[in-house]
4 protein chains.
Amino acid sequence: MPKTVGIGLIGTGFMGRAHANAWGGVNRFFSLRAKSVLDTVAGIEEADADAFAQRWCFGRSTTDWRSMLDDERIDLVDVTTPNHMHAPMAIEALASGRHVTCEKPMAGTLEDARSMRDAARKAGRKGVHAWVWFNYRRCPAVAFAHQLVKRGRLGRIFHVRAQYLQDWGGPETPLLWRFVGKEAGSGAHGDLNAHIIDMARFVTGDELTEVTGAIEETFIKERAIVDGPGAAISGGRAGRRGRTGRSTVDDCLTFMGRMKGGAVATFEATRLATGNQNANKIEINGERGSLRFDFERMNVLEWWDNTLDPGLRGWNRIMCTDSEAHPYVANYWPAAHLIGYEHCFTSMCSDILRVLSGRKSVVPLPTFEDAYVTQRVLHAATLSARERRPVKMSEVR
Amino acid sequence: MPKTVGIGLIGTGFMGRAHANAWGGVNRFFSLRAKSVLDTVAGIEEADADAFAQRWCFGRSTTDWRSMLDDERIDLVDVTTPNHMHAPMAIEALASGRHVTCEKPMAGTLEDARSMRDAARKAGRKGVHAWVWFNYRRCPAVAFAHQLVKRGRLGRIFHVRAQYLQDWGGPETPLLWRFVGKEAGSGAHGDLNAHIIDMARFVTGDELTEVTGAIEETFIKERAIVDGPGAAISGGRAGRRGRTGRSTVDDCLTFMGRMKGGAVATFEATRLATGNQNANKIEINGERGSLRFDFERMNVLEWWDNTLDPGLRGWNRIMCTDSEAHPYVANYWPAAHLIGYEHCFTSMCSDILRVLSGRKSVVPLPTFEDAYVTQRVLHAATLSARERRPVKMSEVR
Amino acid sequence: MPKTVGIGLIGTGFMGRAHANAWGGVNRFFSLRAKSVLDTVAGIEEADADAFAQRWCFGRSTTDWRSMLDDERIDLVDVTTPNHMHAPMAIEALASGRHVTCEKPMAGTLEDARSMRDAARKAGRKGVHAWVWFNYRRCPAVAFAHQLVKRGRLGRIFHVRAQYLQDWGGPETPLLWRFVGKEAGSGAHGDLNAHIIDMARFVTGDELTEVTGAIEETFIKERAIVDGPGAAISGGRAGRRGRTGRSTVDDCLTFMGRMKGGAVATFEATRLATGNQNANKIEINGERGSLRFDFERMNVLEWWDNTLDPGLRGWNRIMCTDSEAHPYVANYWPAAHLIGYEHCFTSMCSDILRVLSGRKSVVPLPTFEDAYVTQRVLHAATLSARERRPVKMSEVR
Amino acid sequence: MPKTVGIGLIGTGFMGRAHANAWGGVNRFFSLRAKSVLDTVAGIEEADADAFAQRWCFGRSTTDWRSMLDDERIDLVDVTTPNHMHAPMAIEALASGRHVTCEKPMAGTLEDARSMRDAARKAGRKGVHAWVWFNYRRCPAVAFAHQLVKRGRLGRIFHVRAQYLQDWGGPETPLLWRFVGKEAGSGAHGDLNAHIIDMARFVTGDELTEVTGAIEETFIKERAIVDGPGAAISGGRAGRRGRTGRSTVDDCLTFMGRMKGGAVATFEATRLATGNQNANKIEINGERGSLRFDFERMNVLEWWDNTLDPGLRGWNRIMCTDSEAHPYVANYWPAAHLIGYEHCFTSMCSDILRVLSGRKSVVPLPTFEDAYVTQRVLHAATLSARERRPVKMSEVR
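Calculation criteria
- Residues numbered from 1 in each chain as written.
- Chains lettered and ligands numbered in written order.
- Predicted model: local features only at pLDDT ≥ 70, side-chain atom pairs only at ≥ 80, totals over all residues.
- Helix = DSSP H or I, 4+ residues; strand = E, 2+ residues; numbered from the N terminus.
- Rg over C-alpha atoms; globule rule 2.2 N^0.38 Å.
- Buried ≥ 20, exposed ≤ 12 C-beta atoms within 10 Å, placed from the backbone.
- Axes fitted to C-alpha atoms, helices over the stretch in contact; angles between N-to-C directions.
- Parallel < 35°, antiparallel > 145°, perpendicular 65-115°, else oblique.
- Contact = placed C-beta atoms within 7 Å.
- Nonpolar A, V, L, I, M, F, W, Y, C, P; charged D, E, K, R; others polar.
- Domains from an automatic or database assignment.
- Least-squares fit on C-alpha atoms with pLDDT ≥ 70 in both.
- Pairing = 2+ DSSP bridges.
- Core = buried A, V, L, I, M, F, W, Y, C linked by C-beta atoms within 7 Å.
- Expected span 1.5 Å × (residues − 1).
- pLDDT = per-residue confidence, 0-100.

### Side note on the overall build of chain A
Here is step 1: Scanning chain A from terminus to terminus reveals 9 helices and 17 strands.
Here is step 2: Relative to the globule expectation of 21 Å for 397 residues, the C-alpha radius of gyration of chain A, 21 Å, shows essentially globular dimensions.
Here is step 3: If one aligns the C-alpha atoms of chain A with their principal axes, the spans along those axes are about 65 × 55 × 40 Å.
Here is step 4: The proportion of buried residues among the 397 residues of chain A is 64%.

### Considering the packing of helix H5 (residues 140-150) of chain B against helix H7 (residues 188-204) of chain B
All names here are of chain B.
Here is step 1: Across the interface, H5 lies against H7 with an axial gap of 7 Å and an inter-helix angle of 40°. On the basis of the axis angle, H5 is oblique to H7. Where H5 approaches H7, its residues Val-142, Ala-145, His-146 and Val-149 are matched on the opposing element by Met-199, Phe-202, Val-203 and Thr-204.

### Details of the interface of chain D and chain C
Here is step 1: Between chain D and chain C, the residue contacts involve 26 residues of the former and 27 residues of the latter.
Here is step 2: In the side of chain D that touches chain C, the residues fall into 13 nonpolar, 8 polar and 5 charged.

### As for the interface of chain A and chain D
Here is step 1: The interface is formed by 32 residues belonging to chain A together with 32 residues belonging to chain D.
Here is step 2: For the side of chain A that touches chain D, the elements supplying multiple residues, two or more each, are strand E7 (157-165), strand E8 (208-217), strand E11 (252-259), strand E12 (264-270), strand E13 (279-286) and strand E14 (289-294) of chain A.
Here is step 3: If one sorts the elements of the side of chain A that touches chain D by residue count, E8 of chain A sits on top with 5 residues.
Here is step 4: Split by residue class, the side of chain A that touches chain D holds 12 nonpolar, 14 polar and 6 charged.

### Some words on the environment of Cys-139 of chain D
Residue and element names in this part refer to chain D.
Here is step 1: Within the secondary structure layout, Cys-139 lies in the loop between strand E6 (130-132) and helix H5 (140-150).
Here is step 2: On the basis of neighbour counts, which here come to 26 C-beta atoms within 10 Å, the residue Cys-139 falls in the buried class.
Here is step 3: Considering only alpha carbons, one finds Cys-139 and Arg-156, 17 residues apart in sequence, at a separation of 24 Å.
Here is step 4: Setting aside residues no more than four positions away along its own chain, Cys-139 makes contact with Met-298 and Cys-344.

### What to know about the domain arrangement of chain A
All names here are of chain A.
Here is step 1: Domain parsing of chain A yields domain 1 (3-135) and domain 2 (137-335 + 368-387).
Here is step 2: Inter-centroid distance (C-alpha atoms) of domain 1 to domain 2 is 24 Å.
Here is step 3: With 24 residues of domain 1 at the interface, the matching set in domain 2 holds 25 residues.
Here is step 4: Those elements that place two or more of their residues in the side of domain 1 that touches domain 2 are helix H1 (14-29), helix H4 (110-124) and strand E6 (130-132).
Here is step 5: At 6 residues, the largest contribution of residues to the side of domain 1 that touches domain 2 is made by H4.
Here is step 6: Residues that form the side of domain 1 that touches domain 2 fall into these classes: 14 nonpolar, 6 polar and 4 charged.

### What to know about the relation of the copies chain D and chain C
Here is step 1: Of the transformation placing chain D onto chain C, the axial shift is 0.0 Å and the rotation is 180°, giving an RMSD of 0.0 Å. Here the symmetry operator amounts to a two-fold rotation axis. The C-alpha atom lying nearest the rotation axis in chain D is that of Gly-340 of chain D; the distance is 2.1 Å.
Here is step 2: When the interface residues of chain D are mapped onto chain C, 100% of them again lie at the interface, so the same face is used by both copies.

### Description of the relation of the copies chain A and chain D
Here is step 1: Superposition of chain A onto chain D requires a rotation of 180° combined with a translation of 0.0 Å along the rotation axis, giving an RMSD of 0.0 Å.
Here is step 2: Most of the interface of chain A is mirrored in chain D: 100% of its interface residues are interface residues there too.

### Topic: the sheet that holds strand E2 (residues 34-42) of chain D
Residue and element names in this part refer to chain D.
Here is step 1: Read across the sheet, 6 strands follow the order E3-E2-E1-E4-E5-E6 without closing on themselves; strand pairing throughout is parallel. Whereas interior strands pair on both sides, the edge strands pair on one side only; in this sheet they are strand E3 (60-62) and E6. Neighbouring strand axes in the sheet, compared pairwise and without regard to direction, differ in orientation by 25° on average.
Here is step 2: Examined bridge by bridge, strand E1 (residues 3-10) and E2 share 8 bridges and lie parallel to one another. Residue pairing in the sheet places Thr-4 in a bridge with Lys-35 of E2.

### Here's the deal with the nonpolar core
Here is step 1: Judged by nonpolar contacts, the single largest core of 533 residues is most densely connected at Ala-90 of chain A, Ala-90 of chain B, Ala-90 of chain C together with Ala-90 of chain D.
Here is step 2: Ignoring any residue separated from it by four or fewer positions in sequence, one finds Ala-90 of chain A in contact with Val-79, Val-100, Cys-102, Met-116, Ala-119 and Ala-130 of chain A.

### Structural notes on the sheet that holds strand E4 (residues 76-79) of chain C
All names here are of chain C.
Here is step 1: Strand order across the open sheet formed by 6 strands is E3-E2-E1-E4-E5-E6, with parallel pairing between neighbours. Of all the strands in the sheet, just strand E3 (60-62) and strand E6 (130-132) have a single pairing partner and so form its edges. Each adjacent strand pair in this sheet contributes to an overall mean axis angle of 25°, direction not counted.
Here is step 2: Against the sheet, helix H1 (residues 14-29) engages strand E1 (3-10), strand E2 (34-42) and E4, with an angle of about 150° to E2.

### Section: the pairing of strand E7 (residues 157-165) of chain D
All names here are of chain D.
Here is step 1: Where burial is concerned, most of E7 is hidden: 9 out of the 9 residues are buried.
Here is step 2: One ladder, built from 8 bridges, connects E7 with strand E13 (residues 279-286); its direction is antiparallel. Looking at the pairing, Ile-157 lines up with Gly-286 of E13.
Here is step 3: Of the strand pairs in this sheet, E7 and strand E12 (residues 264-270) are connected by 7 bridges, and their pairing is parallel. The residue of E12 that forms the bridge with Ala-162 is Phe-267.

### Thoughts on helix H9 (residues 368-387) of chain D
Here is step 1: If you check H9 of chain D, its first and last C-alpha atoms are 28 Å apart, about what 20 residues at 1.5 Å a residue would give, namely 28 Å.
Here is step 2: Burial analysis of H9 of chain D places 15 of its 20 residues in the buried class, the great majority of the element.

### Re the confidence of the model for chain A
Residues and elements named next belong to chain A.
Here is step 1: Of all residues in chain A, 96% attain a pLDDT of 70 or more, and the chain-wide mean is 95.
Here is step 2: Below a pLDDT of 50 lies the segment residues 229-240, which in the model reaches 24 contacts outside its immediate sequence neighbourhood of four places, other chains included.
Here is step 3: For this predicted complex, the interface confidence score (ipTM) comes to 0.94, while the overall pTM stands at 0.96.

### A look at unusual backbone geometry
Here is step 1: Backbone torsion omega between Lys-104 of chain A and Pro-105 of chain A reads -10°, so that peptide bond is classified as cis.
Here is step 2: For Pro-105 of chain A, the location among the structural elements is in the loop between strand E5 (99-102) and H4.
Here is step 3: Despite not being glycine, Arg-388 of chain D shows a phi value in the positive range, around 50°.
Here is step 4: Its location among the elements puts Arg-388 of chain D in the loop between H9 and strand E17 (391-392).
Here is step 5: Overall, Arg-388 of chain D belongs to the partly exposed group, with 15 C-beta atoms counted inside 10 Å.

### Description of the environment of Gly-13 of chain C
Here is step 1: Topologically, Gly-13 of chain C is positioned in the loop between E1 and H1.
Here is step 2: Judged by the 21 C-beta atoms lying within 10 Å of it, Gly-13 of chain C is buried.

### Examining helix H3 (residues 86-95) of chain C
Residues and elements named next belong to chain C.
Here is step 1: In terms of burial, H3 is largely enclosed, as 7 of its 10 residues are buried.
Here is step 2: Where H3 is concerned, the buried positions are His-86, Ala-87, Met-89, Ala-90, Ile-91, Ala-93 and Leu-94.
Here is step 3: For H3, the secondary structure elements touched by its buried residues are E1, E4, strand E5 (99-102), helix H4 (110-124) and E6.
Here is step 4: Immediately downstream of H3, the backbone of Gly-97 shows phi near 90°, a positive value.

### Side note on the environment of Ser-347 of chain C
Residues and elements named next belong to chain C.
Here is step 1: Within the secondary structure, Ser-347 is located in helix H8 (residues 341-356).
Here is step 2: Each C-alpha atom, one on Ser-347 and one on Gly-25, is 9.6 Å from the other, the two residues being 322 residues apart in sequence.
Here is step 3: Leave out the neighbours within four places in its chain, and Ser-347 touches Arg-138 and Tyr-328.

### Considerations on the pairing of strand E8 (residues 208-217) of chain D
Residue and element names in this part refer to chain D.
Here is step 1: Buried residues dominate E8, accounting for 9 of its 10 residues.
Here is step 2: Here E8 pairs with strand E11 (residues 252-259) via 7 bridges, running antiparallel. Its bridge partner being in E11, Thr-212 is matched across the sheet by Met-256.
Here is step 3: Summarising the sheet, E8 and E17 pair through 2 bridges and their orientation is antiparallel. Note on E17: the bridge partner recorded for Glu-210 is Lys-392.

Spelled out as C-alpha cells, the structure:
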C-alpha cells in the first residue's frame, strides 16, 4: 500500500492550475511508493475555489487557508499566492508540521526569504520538508545538463550566459498584481531571474561570488487599471477604463557576475523582449564542452563535445526523450513524442513523493536553503542596480 | 449539469495510456457541456487491466470487452487494440449503439475498413458517431495550418511533401506485434503513412486522384522473438533468445501521387530513418504561401507569406501558442509554455465531447467516412508497390 | 615555374560569370603547380563579350567560339551555353585536343550525352580530360559527407532522400530559354535533378538500379514572351508584352528508385516550391549514422552518429570550416568565416589544375563517364514519367 | 573611362588577404565609375611580400611602407598591421594626401584613436577620406537591418543584445601578437567588441550614454611561445617549445549600458566560448518588431513583425539574397546562392569607390569620426572594468 500525501493547495491562478494538474497526474505517470491526494484547495472567493476543486478533483475547497493547518488529512501545503504572502503562509504551515512547497521567487524580499529559510531549518529538524518550485530543473534537458556537468563533461567552465526573455509586458498590458511592488516584490527580476539564477547554480553546481553592474529599468511606467480578480498572465489586453496607475516594479533587470570556479556569468530578465515569449535560455561554455538550452524548444539540449575529432565537432541537438538515458522521460511517452511545460511540475511532484517515501530524488530538489541562496543573488543584483556598484555575495547574508 | 459520457476503453498499451490520460484530463483543461467518465478498461490479463484501472482512475476493469456493450454506463467504446481487431470490435460496438473511437490505421485491410465504414453509416442514422484517432489534426500548428488554407492563404497548391520518419525499427528491435502482418496489416505504411495521408487531406482539403510508383521495402527481414506480452514500442532492446522470426510487414513504404486540385504529392513512411525519431513532417507549397510542420517541433508552424514585400518574405516560425489566435491552446498554458504529444489527444476528446453535447468541433473530426478515404489511399499505394504501376483512386472503392 | 593552363570560356551568362570568377580566383586562394590563364571568352554579341572580357580580365573576346580551337594559347574549353549546344561544342573541342569542362546537365538528351561520353573516351586515350560542372561536390560539407561515407561511418544505407527545390518559376516568370524544350532539353529535371542525382551518387558511392513512378508536371503552361538576349535566371519579372508562348519543359519532376546497396531513394526537383530558393538538399540514413545537407546553409553538415551513447545522440550541426579537418577550407578563411556559392567552383578549378599538373583531386571529379551515368538516370526518370512504369537502369544504355 | 584608384596595401596577414581579394574583385562584381588598381603591397619580409604581390596580382611589393607615400600611383593606403601601428601609419598617410582605410579596432588606445580622428578631420578639409573596416556593416542582412530600423519598423527600442563569441583562444593557442598587450592594445575587447559596438550603433542609429559593470578576464594567463613571423589566427596549435609567456590582454570583456533612446544594451566578447567559432550576434527588441542576426548564418536576418495579426507573428528567417530588395546582392549571385565572409569586404570596397567617384554609399561608411565613437565606448568599458564603476560616455572624450 503506498503512503498517501494529502495536498492542501493555496491559490487558484495560473500556478494553482499547474500544480493541481501535476499533483493529479503524478501517480498516473510515475510508479511510486507514495500517492498524492488532492485534498483541499484554498481560494479567495468561495465560488471560484469551489469550481476549481470540482474541475481539478480536489476533495473540498475553502476560503480560509489557515483551516488546512489543523486538518489531519493534509500533509503538505502548496503555496501559489502572490509573492508577499509566501512568507507568512509557508512559515505558519511549517510550524504546523506540514511540508511546504512554495512558488518562486521564494519571497518578495530578502528578509521574508530569510525567515522562511530559518523556519525551514527549524522544521527540518523534525523531518518536515520545504521546497521552492523551480520547475525548470526537471525539464529533462536541464536535468540531463546537470548530470553531464556532474560527470565532468564540460571541464573548466569559462562562461555562463543566462537569459529569460518574455514579451507580454508591452504598454497594452494592464496593471496586474505582477506590476505592483507591494505584492510582487519585483517584476521580471524575481519572476524570471529567479529561474535562471537557480538554473545556472543547478546546472553548474557553482555559486556566484560577486554581482556587477546591474541595470534595472521600468520601460512602461504607467499601466491601465482593470477591475476584477487577477487577470491571467496573458490576459492583459482587455478592459482599459482610462484610469492608469504607476508600475512599481522593474520590466527588466540585467546583471553580470563571477563564479567561484572562475566563470564569468551574465543574466538578463525582461518582459519586453518582443518575439521572445518564454525564452528561458542558458549557455555554458567549458573547456571540454558546451551546453545550450532554450525552453522554447524544451525537449532539446544542445551539446558541443570539444573532445571529439575537430572535423566532427558541432552543436549536437539532443532530443532528450530517450527512455534509457534521459531523466524522467521513461514515465511519459516514446522517443520524440514530446512532453510539455506541465511535465516539469509533474516530475517535480514525483521527486517530492520519492523523498517523502524515503527515497532519493532523481536530481536535487530546490530546498528553502537552496532557494535562499538564489534570493541572495536577486538581492545583490538589486543592490548593484540601485547603488551603482559591484556587490560581493559575502555582503548579502 | 453537464451530460456525462461513460468511456469504455479497450487496450492497455501505449495508446491505451494516451487515451486514458486524455479522457481523464479533458474536463480539467476544457470547459464543456459534456463530461467524460472513465468507466471501464478492458485488457487481456486481469492483473494488468486492474492495475491500469487503478492507475488511470477507471471505475472498473474487465477481460471481456464484449461485456461493455451491455453496460448502461458506457456510452462510448474506445478501441486501441492491434489493427486486426479494430473491425470486429468497432462494428459490434456500433451495433450495440455505442459511439466508437478507434485507433489508426482504421484497419489492417481495406475490406475491414469498408465494413467499418458501412457499420458507421448505419449507426449514424441513429445518431451514433464513429471516429478514428488521427490525433495530429489537433496539434495546434496543424489545426491552424488547416485554417490558413481554408482562408485561402496558400492559393493554388503546387506541392505536398509529407514524410513520417522514425528510426526505432533497427535490427536490434524484436518481433513485436507491429512486425506481424496478420496482426498489424502493414508496418510503417499503416502506422505512419495513415497519419500523413490524413494530414495532407485535412490541411489541404484536397484529395488524391492517383498514386504512382510506390516502393515497399522490408530492410530487416528476420527479428528476434521475445516472450511475454506486447513489448512497448520502445522496449525492443531487451530479451533476445536466439530464436528469430520473419518480419511480415514493410519497414518503409514511399509513394507519389496527384491531387484533384493539381498538386503533386509525395509520401514516405519509414522506421529506419536513423536520427528521425518522430519526424511527422509536411510541407505544402502554394502560389500565395507555403507551410511547414515537423512534429519534432510540434508547437511551431513555419509559414511563408508570398504576398509580403519580397525583402520581407521568409520562413516565419510561428509558435502556435497564442491563446487568441491558435486553436485549443487557450485551454492549456500561456504563450510558449509548450504543450506536448498528449495534448493532441486531450483536444480531440474535447471536440468529441463538444459534438456529443450538440456543438461543433473546432476543426473537423476524422469520421469513419473520412478514415475510409485514407484507407483507400493506403490500399492504392500497396497495390502500386506490388503491381508496379500507377493506381487511380477510382479503381479502389 | 607553374605550368599554365589557357582557358577559353564559351558563354557570358550566369554560369559564364561563375566560371570566370573561379578561374580568376583559384590561384589566389590555392597554391598549385598549374596556373589558369583567362585567355579568351566567346559570346554571341561582340559588345557583350568584350565587356565581359574587360570585367573578368580575359585577354581577349570573340564571337566565334570555334576560333579558339585553333588557338595555341588555349588548353581548356569551358562550355556554359544552353544545353543543346553542349554536345557539338564539347565534341569539337575534345577533337581539337582541348580539355573540356562543360556545364550541367551534360546534355539535353541522352543521345547527345552518349556522343559526348564517346568523344571523351576517345580523347582520353590521348590524355585529354573532360569534366562536367557538378559544382556542389565541392561544397566542403558535401565533400566531407563523401569522405565520411567512404570511411564507413554510415554503415548500411537504408534511405537517400534528395530534393532540389526552387521557387523562381512562378507564373510571373517569362519564357526564358530555360523553358524552351529545344534549347534546354528539360526544365527542373535537367537543371536540378541532375545535381542531386550526382550528389546522391557521389556521397553514397552507390548507383541506382531502377527508377519508379516518376511524375512530371508543367504547372505554368503559358509564359510571357520577352525580347532581348537571355534574361538572367532571376530577371524574369520585367518586360511582359502581352504575348505569351508555351512552356515546353517540366516545372517539376519527382521520382523514386532503388540502389544497388539496397537503399530506397527519392528525388524531387521543382521550380515552384514557394519559399525554397535554392534548397539543394539531401538526407542519407544509414545503420551507423545519418547525414543531412541543405545548400541554403551550405557551410553546415548535419551528422547523426548512431554509435554514440543513446543519451548523447543527436543531430550534430558541423560547421565545415575547420582548416585541419574539412576539405578545401584551409585555402579560404578561418573557422566559421563562411564561404559562399562561388567557392565550390573555385575549389573545382583547383582540383582540375591539380589533375592537369599530374596530381590527384581531393575528392573525385565528375568526368563525362560519370556524368553520363547521371544522364542515364535523368533519362530513365523521364521514361518512367511518360510511360507510367518502372524503368530498370539496365534498359537505358 | 572610369577613374582609377591606386591601392597601397600594408600587411600580408589574414586581413591583408581579405582586403587584397576585395580590391581585386570589386570591379568584377560591381559596375562603378572608379576602378581599383592593386598597385603595391608592403610587407615585413621581402620574399613574403613578393609572393603575396604575385599571388594577389599587385603591381609591386615593398618592405618600406613609407615609400608608398611618395608614389604618385597610390591614391589610397590600406592599413592591416597590428593595432599599435594603425595610428602612425594612418596619420602619415593622411598627411601625404592619401585616403586611408584602416583595420579595426581603430587603435589600441583611445589616445591613438583621437590623434587619428584629428588627422582625419584635418585631411577631410582637403577632400581626403579615412575609414575603418567595420566590414560586417555590409553583410546584406546587417545593412538591411539598418534600413528596416531607419524606416521605423522597430519603433521604440527596448533592448540591444550583442555578443561576439569565438573559441580559438583555448590553452593550446600560443602567444600570438593578438595576446601581447603592447601590440594588440586589448584582446577580445578591441578585436570583437569593436565590431558589435559598431554594429549596434549602425543598426539602431543610437548611441550609448553610459557603460556599467564591465568584467574583464584573462582565463589563460600563460601561453606557449612560438617562433617565426605572426602565426595566423587559426594556426596556433603547432610548435610549442616548452617556453611560455604571459598573455597581457583580456580573453573576454563583457559590459552593459544604456542608450540615448532608452534601450538597455548588453555586450559580450570572448575567445573562449567553446562551440562558437565566429558567432557575431545581435538581437534588437523594439515595440513594433525585433531583429536577430548571427554571422554564423550570415545570409539570414531574423525579423519579428509585431504589427502582424497575433496568430501570424513569428520569427521570420529572411534570406537576404533578393536582388530587388536587399543591398549589394544584385551584384553577386541569384537568390539563395549564398555569399560568404569575403563579400562584405568587396561590398565595402564598392561603396568606397562610389564615394571616391562622387556618389553616395549604399549604407553609411564607418569614418574615423564614427570609429572614434566606438573607440570611446571600448575605452569606457575598460575603465568600468578596471575602476569597478559605471562610466558615463560624457567622461570619455
